[in-house]
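Observations on the model geometry
In case you want the letters, here they are:
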Amino acid sequence: MANNKTLLQNISSLVHNGLMSEAEANKYRRRLDRKVQAQEEAAKVLALVPKAKEFMTPGVQYSISDLVLGLMGIKAPCHGYAETKAEQKHRDGVAKPLVKAVLEHIGATTLGSGAQTKYMVEPQLPALCTLDQVDEA
């Protein structure tokens, strides 16, 4: 597949040569922009997954604000931090959805709803051994 720069140049060429209208070109440019943004978002999620696995203790319930603090270092008012409107907008609009996507990716369990929602990684049970394996030991 061609890279984004090449695709944008091809779209501009089609418009310049009269083979595509500007409205059609803008539609394809927006589609390409959305795809690039989705790829960037997926990369951010994958970058945070190892940190989430390291931070979260199996069986412990975490609130979203504690997870945002632990994974991204962004404090909330419940941590005694007086945030500005811009910081609140970033935390609510960018950080929380990103952390929720990470939690979904690692298969965290959601408990409760609303402001009381807690997230937990289930503890891994030890592998069961069969009677044949016991007899061999």
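See the structure printed just above.
These remarks concern the structure in this document. Throughout this document, residue positions are counted from 1 along each chain, in the order its sequence is written. pLDDT decides what is reported in this predicted model: residues at 70 or higher carry local features, side-chain atom pairs at 80 or more are listed and counted, and totals for whole chains, interfaces and linings draw on all residues regardless. As a rule here, side-chain values cover all heavy atoms of the structure and leave hydrogens and water aside.

**Details of the overall build of the protein chain**
Defined as follows: Elements are defined by DSSP. Helices are runs of H or I of four residues or more, strands are runs of E of two residues or more, and each kind is numbered from the N terminus. Categorising residues by exposure relies on relative accessible area from a 1.4 Å probe, with only protein chains included: less than 20% of the type maximum marks a residue as buried, more than 50% marks it as exposed, and the intermediate range marks it as partly exposed. Method for areas: the Shrake-Rupley scheme with a 1.4 Å probe, in which residue coverage is limited to the protein chains shown.
When helices and strands are counted, the protein chain shows five helices and two strands. When the elements of the protein chain are put in sequence order from the N terminus, they spell out α-α-α-α-β-β-α. Within the protein chain, buried positions represent 23% of all 137 residues. When the accessible surface of the protein chain is summed, it comes to about 9,800 Å², and 55% of that surface belongs to carbon and sulfur atoms.

**Some words on the nonpolar core**
Quick reminder of the rule: Residues grouped as a nonpolar core are buried Ala, Val, Leu, Ile, Met, Phe, Trp, Tyr and Cys residues, joined through side-chain atoms within 4.5 Å. In this description, contact between two residues means that some pair of their heavy atoms is separated by no more than 4.5 Å.
Of all hydrophobic cores here, the largest spans 20 residues; its most connected members are Met56, Leu67, Val99, Leu103 and Ile106. Looking at this core, the elements that each hand over two or more residues are helix H2 (22–55), helix H3 (64–72) and helix H4 (85–106). Per-element accounting of this core gives the leading share, six residues, to H4. In this view, Val99 contacts Ile64, Leu67, Val68, Leu71 and Met72; residues no more than four positions away in its chain are not counted.

**A word on the pattern of salt bridges**
Working definition: two side chains of opposite charge can pair if their charged atoms are close together. What counts here: Take a side-chain nitrogen of Lys or Arg and a carboxyl oxygen of Asp or Glu: if they are within 4 Å of each other, that pair is a salt bridge.
This structure, assessed with the given rule, holds four salt bridges. Here Asp92 makes a salt bridge to Lys96, at a shortest N to O gap of 3.3 Å. Taken together, the residues span about one helical turn, with Asp92 and Lys96 both in helix H4 at a distance of four residues. A network of salt bridges, in which partner residues are shared, links Glu83, Arg91, Asp92 and Lys96.

**As for a positive patch on the surface**
Just so we agree on the cut-off: Like-charged residues are merged into a patch within 9 Å and nonpolar side chains (Val, Leu, Ile, Met, Phe, Trp, Tyr) within 5 Å, provided each residue has over 30% relative accessible area and no salt bridge. Charge assignment in this entry is limited to Lys and Arg as positive and Asp and Glu as negative, and neither His nor the chain termini are counted. Charge placement uses NZ in Lys and CZ in Arg. For Asp and Glu, CG and CD serve respectively.
Taken together, Lys27, Arg30, Arg31 and Arg34 make up a surface patch of like positive charges. Here Arg31 lies in helix H2.

**Thoughts on the side chain of Glu83**
Structurally, Glu83 is set in the loop between H3 and H4. Exposure remark for Glu83: the relative accessible area of 18% places this residue in the buried category. Residues in contact with Glu83, not counting those within four places in the same chain, are Lys75, Ala76, Pro77, Gln88 and Arg91.

**Focus: H2**
Put simply, the test is: Given a helix with a known number of residues, its expected span is that number minus one, times 1.5 Å. The angle between axes fitted to the seven residues ending at a residue and the seven residues starting there is what we call the bend at that residue.
For H2, spanning 34 residues, the distance from its first C-alpha to its last is 49 Å, which sits close to the expected 50 Å at 1.5 Å a residue. Where H2 bends most, the angle comes to about 30 degrees, and this point is Val49, followed within four residues by the proline Pro50. Every buried residue of H2 is accounted for by Ala25, Leu32, Val45, Leu48, Val49 and Ala52. Contact partners of the buried residues in H2: helix H1 (4–16), H3 and H4.

**What about the environment of Leu69?**
Take Leu69: it is sitting in helix H3. According to the relative accessible area criterion, Leu69 is partly exposed, its value standing at 28%. The spatial distance from the C-alpha of Leu69 to the C-alpha of Ala95 is 9.6 Å, given a sequence separation of 26 residues.

Bear in mind that shape data such as this cannot, by itself, settle questions of function.
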